[in-house]
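Notes for the structure review
Residues per chain are reported as follows:
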Amino acid sequence: MRAAGRLFNTIKIFFEVQDYENVIKYSKQFLNTPNMEVNPALFYYYGVSLLKTNNIPQALESFEQAYDRGANCITLANIGRTLVSRGYQFESIKYFEKAIQDPNYNNWLGYFLLGKAYFFCGNNELAIKNLETAMILAGEDKDKTDKIKNILAKAKASVNKGIQKIDYQAYIKMGGSIKSGSIVDLQYGSQAISQNSSNTDITAKPYFVLCNEDNIIYAIALTNSQKFGIGLTNTNPNNPNYFTGSAISFKQDYIKSVITDKSLTNPRALASKIYHYLCRQDQSKLESSQIALIEAFNRTLKPEMHDIVTICADKEQAKFSHYFIIGEEEEFQAVEVILVNGTFVPTTNYVNIPKDTIIFEKATIIPETAAILLDIIGQHPGLK
């Protein structure tokens, strides 16, 4: 036990003087020694040192060990602070949440960073709750309260506008994806792959995503913030004619955050409308970036066997129908399907779809689902 204490203190001293290489060396020695009782704080020292030397997966694993072995509230909050400082907002939340469960934890900074992390991850309600607690704990310290007020005001404004801005990395880790209808803003210094020559600073405004082709994003720029906060220029955001700005393409890795706006009732359908609107224009008058967008959209929506595609079956009534592709010759052969309780069910309506038909959406289904649909179709007398 004494040997464990001496070695732990040695590691702590190396950590305090920022000798991270020796922290890693002696931490490994400690953890590889049998029958050594481990202070959970060791995993904090070890994790930070790994993070400082860019051993990120091992660092995150070490922090998990501290969490699982019952690290105290101070250690947990310190892990959270470290993660936030490196941009791991989403990962920090569990450590702060565990820290504040301790009735003795009353540090304003932990609540502030937890509120800030929730804000970056798009949960404005929990952001406000923790930031308001931080305000109480900060007391009369103006430097502290000014920091809190800045984020708190943004969180409250987002709630009032029905808008959430979510850190991109956190959004992806929560299972989100960038697709038609997403709204994003970009990291400082991002560069466009294609753009209109008059569009100089691509980080100055948000973008409405029309198409994601192998992590290359094709989008249309939104104007400076107006009523809806994301640059829509009219009180009817679901009308594609109210979108202004040039088309642009950029790498998905350039995304800084993802924005959701409750005023948009169906952003994916709106993306299709904008695409259709561009398709109807005189192609000779479109910018090269707009043409590139149309071409990318066409490639991503090109039907393949057993895809389900959405097309405008009745332009006068703006009626959209879904079709299951079952053959391809000069035209696509398809069967109309309808959604019943979230499941596609085939009808007896067999159609040919010309290959120049504008596809509004495409869904690739798993082979098992395709087999079930084909089996049902085979039982329809009119489709044999």
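As a starting point, this report considers the structure included with it. (Residues numbered from 1 in each chain as written. Predicted model: local features only at pLDDT ≥ 70, side-chain atom pairs only at ≥ 80, totals over all residues. Heavy atoms only, no water.)

**Focus on the overall build of the chain**
For the chain, the count of helices and strands is 13 helices and 12 strands. Residues classed as buried in the chain amount to 45% of the 384 residues present. Across the chain, the fraction of contacts at a sequence separation of at least 24, relative to all contacts at a separation of at least 6, is 58%. Here the chain has roughly 20400 Å² of accessible surface; of this, 48% comes from carbon and sulfur atoms. (Helix = DSSP H or I, 4+ residues; strand = E, 2+ residues; numbered from the N terminus. Buried < 20%, exposed > 50% of the residue type's maximum accessible area, 1.4 Å probe, protein only. Contact = heavy atoms within 4.5 Å. Areas by Shrake-Rupley, 256 points an atom, 1.4 Å probe, with all protein chains shown as cover.)

**Brief notes about the nonpolar core**
Phe30, Tyr45, Phe63 and Phe112 are the most contacted members of the largest nonpolar core, which totals 57 residues. When near neighbours in sequence (up to four residues on either side) are disregarded, phenylalanine 112 contacts Leu131, Ala134, Lys147, Ile148 and Ile151. Formed by 32 residues, the second largest nonpolar core is a distinct cluster that contains Ile183, Ile220, Leu270 and Leu278. (Core = buried A, V, L, I, M, F, W, Y, C linked by side-chain atoms within 4.5 Å.)

**Some thoughts on the layout of surface pockets**
Of the pockets and cavities examined, the second largest pocket occupies roughly 260 Å³. For the second largest pocket, the lining is made up of 15 residues, of which Ser180, Arg268, Thr300, Leu301 and Lys362 are closest to its centre. A class-by-class count of the residues in the lining of the second largest pocket yields 6 nonpolar, 5 polar and 4 charged. (1 Å grid on protein atoms, 1.4 Å probe; cavity = no way out; pocket = protein on both sides within 12 Å on 5 of 7 lines; lining within 4 Å. Points joined across faces, edges and corners; volume = space filled by probe spheres on them. Nonpolar A, V, L, I, M, F, W, Y, C, P; charged D, E, K, R; others polar.)

**Points about the pairing of strand 10 (residues 332-340)**
With 8 bridges connecting them, strand 10 and strand 11 (residues 343-353) associate as antiparallel partners. Considered in strand 11, the bridge of leucine 339 is made with phenylalanine 344. From the end of strand 10 to the start of strand 11, which pair antiparallel, there are 2 residues, and asparagine 341 there has a positive phi angle of about 55°. (Pairing = 2+ DSSP bridges.)

**Some remarks on the sheet that holds strand 5 (residues 216-221)**
With antiparallel pairing, the 7 strands of this open sheet are ordered in space as 1-7-2-4-5-6-3. Where the open sheet ends on each side, the last strands, each with one partner, are strand 1 (163-167) and strand 3 (194-195). Most of the contacts of helix 12 (residues 288-300) go to strand 4 (residues 207-213), to which it runs at about 50°, and overall it touches strand 3, strand 4, strand 5 and strand 6 (247-251). (Axes fitted to C-alpha atoms, helices over the stretch in contact; angles between N-to-C directions.)

**Examining the side chain of aspartate 307**
Topologically, aspartate 307 is positioned in strand 8 (residues 307-314). Owing to a relative accessible area of 2%, aspartate 307 belongs among the buried residues under this scheme. Sequence-distant contacts of aspartate 307, that is, excluding residues within four places in its chain, are made with Lys302, Tyr323, Phe324, Ile325, Lys362, Ala363 and Thr364.

**Describing the side chain of threonine 82**
Checked against the element boundaries, threonine 82 lands in helix 5 (residues 73-85). Classification of threonine 82 by relative accessible area gives buried; the value is 13%. Each residue touching threonine 82, except ones within four places of it in the same chain, is listed here: Tyr44, Val48, Leu51 and Phe63.

**A closer look at helix 13 (residues 367-378)**
The end-to-end C-alpha distance of helix 13 is 16 Å, a good match for the 16 Å that 12 residues give at a rise of 1.5 Å each. All of the buried residues along helix 13 are Ala370, Leu373 and Ile377. Burial along helix 13 is one-sided: seen end-on, the buried residues are contained in an arc of 65°. Along helix 13, exposed side chains directed more than 90 degrees from the buried face belong to Glu368 and Ile372. (Expected span 1.5 Å × (residues − 1). Arc of directions from axis to C-beta.)

**A few points about helix 6 (residues 89-100)**
With 12 residues, helix 6 should cover 16 Å at 1.5 Å per step; its first-to-last C-alpha distance of 17 Å lies within 8% of that length. Contact partners of the buried residues in helix 6: helix 4 (56-68), helix 5, helix 7 (108-120), helix 8 (124-138) and helix 10 (168-173).

**Digging into unusual backbone geometry**
The phi dihedral of asparagine 54 is positive, around 65°, even though this residue is not glycine. Summarising the element assignment, asparagine 54 is placed in the loop between helix 3 (41-52) and helix 4. Within the chain, aspartate 214 stands out as a residue other than glycine whose phi angle is a positive 55°.

**Some thoughts on the pattern of salt bridges**
Tallied over the entire structure, the rule returns 8 salt bridges. In this structure, lysine 156 engages glutamate 132 in a salt bridge whose closest nitrogen and oxygen atoms are separated by 3.6 Å. Note that lysine 156 is positioned in helix 9 (residues 142-161) and glutamate 132 in helix 8, a separation of 24 residues in sequence. The class of lysine 156 is partly exposed, set by a relative accessible area of 36%. You can call glutamate 132 partly exposed: its relative accessible area is 36%. (Salt bridge = Lys/Arg side-chain N within 4 Å of Asp/Glu carboxyl O.)

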